[in-house]
Every structure is written in structure tokens, then in C-alpha cells.
Amino acid sequence: AALRIQSDWDRALRAAPFPPGKPTLYGSVTRRGLSSEGIPDIAASEGFLVQEVTKKSILISCPHENVSTKFLAPYTSFSRIHQKSITCLDISSSGGLGVSTSTDGTMKIWQAANGEIRRLLEGHVYDVNCCRFFPSGLVVLSGGMDAQLKIWSAEDASCVVTFKGHRGGILDTAIVDRGRNVVSCSRDGTARLWDCGKSACLGVIADCGSPVNGIAVGTANDSLNLGMPENPPSEREIGTEGKILLVAREDKKLQGVGLQSRQPLFLFVGSDAFNCCTFLSSTYILAGTQDGNIYQLDVRSTSTPIQVIHKSGAPVLSLLPYRDGFIASQGN
């Protein structure tokens, strides 16, 4: 997947290469040799310019379209953790451990420094779709096509808790604050809130009638009215007040719901199925679609996007806030 870092919104707009329907420009780069300092001599085909080359990066521009892209060499790579495509991964808060799932049917915990496998997490039936560390870095949350949500000890690989209630494969998860509560979403069209201590479902936050591909939990802007819950929240709900749940739906809709109130806040219709979403701040959110659009929205007024970034027609598979911008991965 191509990783692109947008350092600011203006540059992201300028970098959007070609509007839909416009012919794509293709080119190639060739290495002609190495300098005495070990820096490659790179040439680009007609229409493209090599701006800057280091041992670890190549900056290529297309003057005709006023766009440029920096290609970065990997800092390091681990080829022995999985045998097939990696579908999800996370790094612990300390940076010491990684957890990942793969189409080879495995979920593994490994040392982030050297890729050495520490634990094999076995217990899901069928594919595992998502995995993430709790803030402590000692516990892992996973969801699979078996409609089960599981909590694992990263220390001994034991499955501590299994949640059952979804009627379809679980596609994404989110952790509320320090992790007393977690949220999951599923192909069954629902997003559910769970109490980890009692292994119980605290409620259905959203019931969409369409598969929910991705979710995110964030703190709401102070000026936003999140609504009031119809019934007093359970004493087992910890940290849900003042939070929004973003729901990325297969039916081309991005929904905002008050996590504690369960009240719908907004519904934005995009160009294709939404695959993923994230918070940039308490005000700004991002969501990515199957046809390659990344929407930036203001939660206070979602009728018109702040901007739509289109780098390629490949599906946007994940989004992550990074410094003043974000990282996106696409299926190209």
C-alpha cells in the first residue's frame, strides 16, 4: 500500500494530481549508477523531473501538473512474520511490541525492534480482521469473521475475554479512554459498546442496516450538542460522556453518533462505500472511500466537505493522524 504523508492541507490540495476523467500521465525512473558517496544517479522519463536524491529518498515532480512525490525507502522490513498479506497491525504505546493479522490465518505479537515473533494468538475461527493494543500495551483486542470479539494477554497469549452478540463478521474496533469499555462494528450493520470487566454488551450504539466497515471514537467539540440518552447510562459505562462515534458505512454514508446518548448527530453521503475514518481533532474528521476519495469534514457542519483529496482511484484502506496531517494507505 502506498503511504502518503500530507504535511498541510494546502499542499494536499495542490498535490491532488488529476481530476476524475482526465488522462493519467505515466513515467518511469531509472538508476544509471552510484556516486562515490553511495547516492544513486536517477533519471526520469519525459514529463517528470528528479528533484532530490539521497540514500533513503527520491523526490520526483511533474511540472506540467504542478505535483511532486517523495518516495522513501523502508527504515527496516520484516519478511518472516507472515506468509501472506497483512490485513491489520498496531504498535504498543511503548513502541516495544507489534501485533498483526494476515490472510495466512494467523495473528501474532512481535518485537518492533527486530521482528522477532513473541506470541501466536490462536482462538478465532476463520479470518481475523482487526487487532489493536489497549493503552497499557499489555492487552490486545481483536475481532474476526466468526463474529467474536476477543481480549488477549500479550504476556502469555491467553484469551482473557470473548464477547458474543454480533451476527456477522467484526470489521473494526475502538477503545474508549483507558479501555474499561470498547466498541466494535460488524457486517451485521451494528456498532456495539462492551463492558470488558463484565464481558457484557452495554448497548447497540448504531443500527445502520448496512455493513459498518470502520469506526472511530473521539472527544466532541464543546459547541456540539450530543443529545441526551433516552435511559440513564449504565454505571458500567466509563468515559463515554462527551464522545462521538464515527461510523463508516458500506452504503456510502458516514455517520456521527453520540456515544453516550446514542443520538444521531449527522449523516454525510459520499461517492462510494466508506472504508475507514479518524479524528484529526475535536473539530475535524477524515473518512476514506472505496473509490479513492478522502473527505475532510467539520463535525459542526458536515453538509459540505472542507476538502476532498483524490490521489488515486484505489480504495482508501486506513487513515491515521500524523503530526499536522495524516497518513493514508490505499489499495494500490
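Residues numbered from 1 in each chain as written. Predicted model: local features only at pLDDT ≥ 70, side-chain atom pairs only at ≥ 80, totals over all residues. Heavy atoms only, no water.

Caption draft 1: Layout of the overall build of the protein chain. When helices and strands are counted, the protein chain shows 1 helix and 28 strands. A globule of 332 residues ought to have a C-alpha radius of gyration of about 20 Å, and the protein chain, at 21 Å, matches this closely. Projected onto its principal axes, the C-alpha coordinates of the protein chain cover approximately 65 × 45 × 30 Å. Sorting the 332 residues of the protein chain into buried and exposed places 45% on the buried side. Within the protein chain, counting contacts between residues at least 6 apart in sequence, those at least 24 apart form 41% of the total. Just so you have it, the protein chain exposes about 17,000 Å², and 49% of that area is on carbon and sulfur atoms. In the protein chain, the 32 positive side-chain charges and the 31 negative ones have mean positions that sit 3 Å from each other. (Helix = DSSP H or I, 4+ residues; strand = E, 2+ residues; numbered from the N terminus. Rg over C-alpha atoms; globule rule 2.2 N^0.38 Å. Buried < 20%, exposed > 50% of the residue type's maximum accessible area, 1.4 Å probe, protein only. Contact = heavy atoms within 4.5 Å. Areas by Shrake-Rupley, 256 points an atom, 1.4 Å probe, with all protein chains shown as cover. Lys, Arg positive; Asp, Glu negative; His and termini not counted. Charge placed at Lys NZ, Arg CZ, Asp CG, Glu CD.)

Caption draft 2: A look at unusual backbone geometry. With a phi close to 65°, Ala-147 is a non-glycine residue in the positive phi region. Along the polypeptide, Ala-147 turns up in the loop between strand 12 (139-144) and strand 13 (148-153). By relative accessible area, which is 12% here, Ala-147 ends up buried. With a phi close to 65°, Ala-157 is a non-glycine residue in the positive phi region. As for its position among the elements, Ala-157 is in the loop between strand 13 and strand 14 (159-164).

Caption draft 3: View of the UniProt feature "repeat: WD" (unreviewed entry) in the protein chain. In this structure's numbering, the residues bearing the UniProt feature "repeat: WD" (unreviewed entry) are residues 79-120, 121-162 and 163-195. Across residues 79-120, helical content stands at 0% and strand content at 50%; the span's end C-alpha atoms are separated by 16 Å. (UniProt positions renumbered as here; feature names shortened; annotations may be inferred.)

Caption draft 4: Layout of the domain arrangement of the protein chain. The domain boundaries assigned to the protein chain delineate domain 1 (9-72) and domain 2 (86-330). Using only C-alpha atoms to locate each centre, domain 1 and domain 2 end up separated by 34 Å. (Domains from an automatic or database assignment.)

Caption draft 5: Representation of the side chain of Asp-195. In this structure, Asp-195 sits in strand 17 (residues 190-195). Accessibility expressed as a relative area gives 3% for Asp-195, which makes it buried. Within polar-contact distance, the side chain of Asp-195 engages the side chain of Arg-236 at 2.7 Å. (Polar contact = N/O pair within 3.5 Å; in protein donor to acceptor, adjacent residues only side chain to side chain.)

Caption draft 6: View of the sheet that holds strand 8 (residues 97-102). Read across the open sheet, the 4 strands follow the order 7-8-9-10; overall the sheet is antiparallel. Each having just a single partner strand, strand 7 (86-91) and strand 10 (117-120) make up the two edges of the open sheet. Between one strand and the next, the sheet's axes are offset by a mean angle of 20°, whatever the strand orientation. With 5 bridges connecting them, strand 7 and strand 8 associate as antiparallel partners. Residue pairing in the sheet places Cys-88 in a bridge with Thr-101 of strand 8. (Pairing = 2+ DSSP bridges. Axes fitted to C-alpha atoms, helices over the stretch in contact; angles between N-to-C directions.)

Caption draft 7: Representation of the nonpolar core within the structure. Of all hydrophobic cores here, the largest spans 25 residues; its most connected members are Val-99, Leu-121, Phe-163 and Val-182. The set of elements that each furnish at least two residues to this core consists of strand 8, strand 9 (107-111), strand 11 (128-133), strand 12, strand 13, strand 14 and strand 15 (170-176). Considering every element that reaches this core, the biggest residue donor is strand 11, with 4 residues. Other than its neighbours up to four places away in sequence, Val-99 contacts Cys-88, Leu-89, Asp-90, Met-107, Lys-108, Ile-109, Trp-110, Leu-121, Cys-131, Phe-133 and Val-140. Core analysis: the second largest hydrophobic core is formed by 17 residues, Ile-244, Leu-246, Leu-254 and Phe-274 among them. (Core = buried A, V, L, I, M, F, W, Y, C linked by side-chain atoms within 4.5 Å.)

Caption draft 8: Quick peek at the packing of aromatic side chains. Counted under the stated rule, the structure contains 5 aromatic pairs. Ring centres of Phe-78 and Trp-110 lie 6.0 Å apart, and the angle between their planes is 65°; on these two criteria the pair is classed as edge-to-face. Of the two residues, Phe-78 is situated in the loop between strand 6 (67-72) and strand 7 and Trp-110 in strand 9; the sequence distance between them amounts to 32 residues. Taking the relative accessible area as the measure of exposure, Phe-78 reaches 28% and is therefore partly exposed. For Trp-110, a relative accessible area of 7% gives the class buried. (Phe/Tyr/Trp six-rings, centres within 6.5 Å; stacked < 30°, edge-to-face > 60°.)

Caption draft 9: Fine view of the confidence of the model for the protein chain. Mean pLDDT over the protein chain works out to 91, with 93% of the residues at or above the 70 mark. Of the regions scoring below 50 in pLDDT, residues 1-18 engages in 47 contacts with residues more than four places distant in sequence or in other chains. (pLDDT = per-residue confidence, 0-100.)

Caption draft 10: Region of interest: the sheet that holds strand 20 (residues 243-249). Taken in spatial order, the 4 strands make up an open sheet running 19-20-21-22, and their pairing is antiparallel. Lying at the two open borders of the sheet, with one neighbouring strand each, are strand 19 (212-219) and strand 22 (264-269). Neighbour-to-neighbour, the strand axes of this sheet turn through a mean angle of 15°, independent of strand direction. The pairing of strand 19 with strand 20 spans 7 bridges and is classified as antiparallel. Along strand 20, the bridge assignment pairs Thr-219 with Lys-243.

Caption draft 11: Spatial organisation of a nonpolar patch on the surface. Taken together, the side chains of Ile-86, Leu-89 and Ile-91 define a hydrophobic patch exposed on the protein surface, amounting to about 270 Å² of accessible area. On the secondary structure map, Leu-89 appears in strand 7. (Patch = residues over 30% accessible without salt bridge, like charges linked within 9 Å, V, L, I, M, F, W, Y side chains within 5 Å. Salt bridge = Lys/Arg side-chain N within 4 Å of Asp/Glu carboxyl O.)

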